Structure formats: structure tokens, C-alpha cells
Amino acid sequence: MPEELRPLVRRILAAKKQAQAATELVHFLAARGWTTHPADWMPAADDDDAPDVYASWRDWATIADSDGAARQTNDSLTAENWDDFWPAARKAALTELRRRDPSAARAMLEAKLASETADARLRLLLLLSERLSDDDIPFLERIAADDPAPKVKALAASLLARLGRGPAAGEDVAELAGFFSIKTKGLLRRSRVVQAEPLKTPAQVQRRKALFDGAGLVSFSGALGLAPQELIAAWDWNVDHAADMSLINLIVATGTDALVAQAADAIGERDATGLVAALAPRLAPAERTRHAEAALRTHGISFELARQLAGAAARLDDPLSAPAGKTLLAALHRDDARPGDQVPELHALGLLASRDGARQSLQRLTAAGLLQGDPRLDMLRLNAALDDNGAKP
């Protein structure tokens, strides 16, 4: 972090004391190619949400907490030197290997995963979601069958379901399908619509949810006589929110990347942005930014919700021209506006904007009457001042 910007970072961290706010900031900085100064912010040893660039810092914290001896290696991670890496550095190295050589990363997990704790196995197995392929099926089937930890077995089963190896259709899935009907609409181009049957009792609500929790996308769509992509295309969105959310959770847990992208496009065309937010963690960064900007322009969502959709990769050039920007300026202009108003929206705007977008937003906001030193503009000021030459789009 440039020395002259450290006071600004400290002030943002002090004002946003929640752990989530710190996570947002360090991911924003990492996307621009920067880290905080260790004296201003350090991740905890178990801070799995910290970007990989902080892996060595997390290991320092682990060493300090355990009084363990420092281990150092400049070699690439292998099964032979696995124990020479502290946990965070090992996970970062394995992540990089999975992106570069997925078969080698899987082979290393096959050799070493059993020696780790259940929590570590869960974190490491999740790395297979990157470049997941049919080559991973035999290993995942062994984990799903033999791992002693239910949560690890469940994750392996979820990854298998994304590869079309989910639970087979049985009585429970048939019962779940019975909560829905397939109808046709349109006089000339008759198309199918999957509609939720009205639920009459709380017990039915709980039963449908429980059945969704135990199903797979392929088996559920099959019980309705549809392919997964046909189910997503025919779903009657925005009628039964609980059913929408259950299907989205099913897609997140057991759908392929292509089906996740299809679902995001389908509900992005409707005013159902909250559902896209649930899908966002499984979308590629560019797709997250595209959906966030489209929802800002088309559905008039807030900057806070757009930031949830976009994650750390957003670089919007003219965010104040969106409806949320016009709403924000109008709120700041109100006669009864107070100095503490609109803090979350202004902070989210600072996280969403590109560097040029942040500069333009600062000019418009100060022209609208906000003071140059207004602390509500801190995130925009940091964004506008931060050289992003180290960024990796």
C-alpha cells in the first residue's frame, strides 16, 4: 500500500468494524494488486476469506499462535514436501496448481488428503470445483463413500452431482416433483411452464424444502420429464419465492457451471436480482460484473446489492448515471438530509467504480454539496487515488 494512502485505509477500517467490511476492502485492494500494511490489518490464522496473497501472513499468525518452528521452502508444492508448507501457503499453492494442472492437483489430494483434519479436508476438497471434470469422478466417489466426516462426504456428493452423478430418482424426488405441474401457454407457440402447486399448510412448506435439500438437479428435472436446462427455461419465476430460492440453491449445489450461468441469465431478465446474488459465488468475475451492471441499469437496484453481485472485480465507469446514482444524489439533496445519511451506498459506490469512475463520482458529489473531506467519500477517494497497475483483471 502506498504510504500516503495508509491513513485513508486505517480510517476506512476503523469506520467499518465488521469483519465483512474488512474482507471487502482487502479483496478490492488485492484486485488492484495491493495489500494492506501489516500494521494496519492482518488476517487471522483461520481467515479463509482473505485473498491468497495473504497466505504467508496467515501462516505467520499460525506460527505465532502455536509457538511452532518456522518452515521455509522455495520449491513448488509436491506430495513429498507437503509437510514443509504451512496450511495457508499449501492451500494457495494447491489452488494455483489446480488452475494450471488439474490432474496433478487431484493426484496430490489423493495422496495427502486423508492425513488432514476434517476442516482442512473440506477446504482442500473445495479446490476441485475449479476446472471440475469427469476425470475427478473416481476420486470423488471414494471420498463420498469412505470419508469419516459427513460434511466432507456431502461436499464430494455435491461435486459429483455437478458432473451428473447426483442421487438417483427415487420416491423422495418423485414426491418433490408432485409439488409442481407442467402447463402450456401461448396460442401459436405453445411453451411449457413449470408451476408450483399452492401449499396449504406449514407442514407442506417444510416437507417441500426438506425434499429440495436432499435432491439433485438432474434427478429433480428427470422426475418432471425434463432436461435440467429445460427445467430452468420453463420455471415460472417470481411467483413462489420459496420455491425459486430452493431451486436456486439446488442449482448452486448440484448444477454445472453452464447451468448456473443459464439460471443467472434467466432470472437476470426478470426483476429477481436477489436470486442472482445467491448464484454469484459460482459465476466467473466477468459474469458477476455483467449481471451487476445490468441490474443497476435495468432493475434499479442499490449500489449495496450491486456490490454483492459483482464481488471485487467490478470496474464501473459511470455508476452515478444508473438509477441508484440518481436516487443517491436526490437523497443527498433533500432539505432534511443529515451528515450521516447514505453511508453504506457511498461506500459500496467506492468499491464498484473504476478508478476513472471514482474520480468522476467524486467531482459530481462534491459539486452536489458534499465536502471534499467528508468521511463518507473515503472509499471513493481511496479508489480514485490508487494506482492499479498491479491489477490482474
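Residues numbered from 1 in each chain as written. Predicted model: local features only at pLDDT ≥ 70, side-chain atom pairs only at ≥ 80, totals over all residues. Heavy atoms only, no water.

Participant: Describe the overall build of the chain, listing the residues and the values that go with them.
Facilitator: Helices and strands together make up the secondary structure of the chain, namely 21 helices and 2 strands. Relative to its length of 393 residues, the chain is compact, with a C-alpha radius of gyration of 24 Å against a globular reference of 21 Å. With the C-alpha coordinates aligned to their principal axes, the bounding extent of the chain is approximately 65 × 65 × 35 Å. Here the chain holds 393 residues, and the buried ones make up 46% of them. When the accessible surface of the chain is summed, it comes to about 19600 Å², and 52% of that surface belongs to carbon and sulfur atoms. Averaging the coordinates of the 48 positive side-chain charges in the chain and doing the same for the 55 negative ones gives two points 4 Å apart. (Helix = DSSP H or I, 4+ residues; strand = E, 2+ residues; numbered from the N terminus. Rg over C-alpha atoms; globule rule 2.2 N^0.38 Å. Buried < 20%, exposed > 50% of the residue type's maximum accessible area, 1.4 Å probe, protein only. Areas by Shrake-Rupley, 256 points an atom, 1.4 Å probe, with all protein chains shown as cover. Lys, Arg positive; Asp, Glu negative; His and termini not counted. Charge placed at Lys NZ, Arg CZ, Asp CG, Glu CD.)

Participant: A description of the pattern of salt bridges should follow, citing residues and the corresponding values.
Facilitator: Taken as a whole, this structure holds 31 salt bridges when the rule is applied. A salt bridge links aspartate 172 to arginine 207, with the shortest nitrogen-to-oxygen separation between them at 3.7 Å. A residue pair is termed long-range when its members are at least 10 positions apart, and aspartate 172 in helix α9 (residues 171–177) and arginine 207 in helix α10 (residues 202–213) qualify at 35 residues. The partly exposed category is assigned to aspartate 172, whose relative accessible area is 48%. (Salt bridge = Lys/Arg side-chain N within 4 Å of Asp/Glu carboxyl O.)

Participant: Give me the lowdown on the environment of alanine 61, citing residues and values where you can.
Facilitator: Position of alanine 61 relative to the elements: it lies in helix α3 (residues 55–66). Taking the relative accessible area as the measure of exposure, alanine 61 reaches 15% and is therefore buried. Separated by 19 residues in sequence, alanine 61 and methionine 42 have C-alpha atoms that sit 8.7 Å apart. When sequence neighbours within four positions are dropped, the list of residues in contact with alanine 61 reads Pro43, Ala44 and Ala45. (Contact = heavy atoms within 4.5 Å.)

Participant: Give a detailed account of the packing of aromatic side chains, specifying residues and quantitative values.
Facilitator: Taken as a whole, this structure holds 8 aromatic pairs when the rule is applied. With 5.9 Å between their ring centres and 75 degrees between their planes, phenylalanine 180 and phenylalanine 212 make a pair best called edge-to-face. Taken as a pair, phenylalanine 180 in strand β1 (residues 180–185) and phenylalanine 212 in helix α10 lie far apart in primary sequence, 32 residues in all. The two residues phenylalanine 180 and phenylalanine 212 agree in class, both being buried. Centroid distance tryptophan 235 to tryptophan 237: 6.0 Å. Interplanar angle 55 degrees. Geometry classified as tilted. For the residue pair tryptophan 235 and tryptophan 237, the accessibility class agrees, reading buried in each case. (Phe/Tyr/Trp six-rings, centres within 6.5 Å; stacked < 30°, edge-to-face > 60°.)

Participant: Account for empty space enclosed by the protein, naming residues and giving values.
Facilitator: For the coordinates displayed, the defined rule picks out 1 cavity of 30 Å³ or more. What the largest cavity holds in volume is close to 30 Å³. Around the largest cavity sit Ala161, Gly164, Arg165, Gly166, Pro167, Gly216, Leu217, Val218 and Ser219, which together line it. Here the element with the most residues in the lining of the largest cavity is helix α11 (residues 217–223); it accounts for 3 residues. In terms of residue class, the lining of the largest cavity is made up of 4 nonpolar, 4 polar and 1 charged. (1 Å grid on protein atoms, 1.4 Å probe; cavity = no way out; pocket = protein on both sides within 12 Å on 5 of 7 lines; lining within 4 Å. Points joined across faces, edges and corners; volume = space filled by probe spheres on them. Nonpolar A, V, L, I, M, F, W, Y, C, P; charged D, E, K, R; others polar.)

Participant: Can you explain unusual backbone geometry? Please cite residues and give values.
Facilitator: Positive phi, close to 70 degrees, is recorded for asparagine 238, a residue that is not glycine. Within the fold, asparagine 238 resides in the loop between α12 (228–234) and α13 (241–254). With phi around 65 degrees, glutamine 342 is a residue other than glycine that occupies positive phi space. A relative accessible area of 27% places glutamine 342 in the partly exposed class.

Participant: An account of the packing of helix α1 (residues 6–15) against helix α21 (residues 378–385) is needed here, citing residue identities and associated values.
Facilitator: At a minimum axis separation of 10 Å, α1 and α21 run at an interaxial angle of 150 degrees. By the criterion of interaxial angle, the relationship of α1 to α21 is roughly antiparallel. In the crossing of α1 with α21, the sense of the turn from one axis to the other is left-handed. Taken together, the residues of α21 that come into contact with α1 (itself represented by Leu8, Val9, Arg11 and Ile12) are Asp378, Met379, Arg381 and Leu382. Its residues assigned to classes, the contact of α1 with α21 shows 5 nonpolar, no polar and 3 charged. (Axes fitted to C-alpha atoms, helices over the stretch in contact; angles between N-to-C directions. Parallel < 35°, antiparallel > 145°, perpendicular 65-115°, else oblique. Left-handed = near helix turned anticlockwise from the far one by under 90°.)

Participant: An account of the nonpolar core is requested, with residue identities and associated values reported.
Facilitator: In this structure, Phe180, Phe220 and Trp235 are the most contacted members of the largest nonpolar core, which totals 62 residues. The greatest single-element share of this core, amounting to 6 residues, is contributed by helix α14 (residues 257–268). (Core = buried A, V, L, I, M, F, W, Y, C linked by side-chain atoms within 4.5 Å.)

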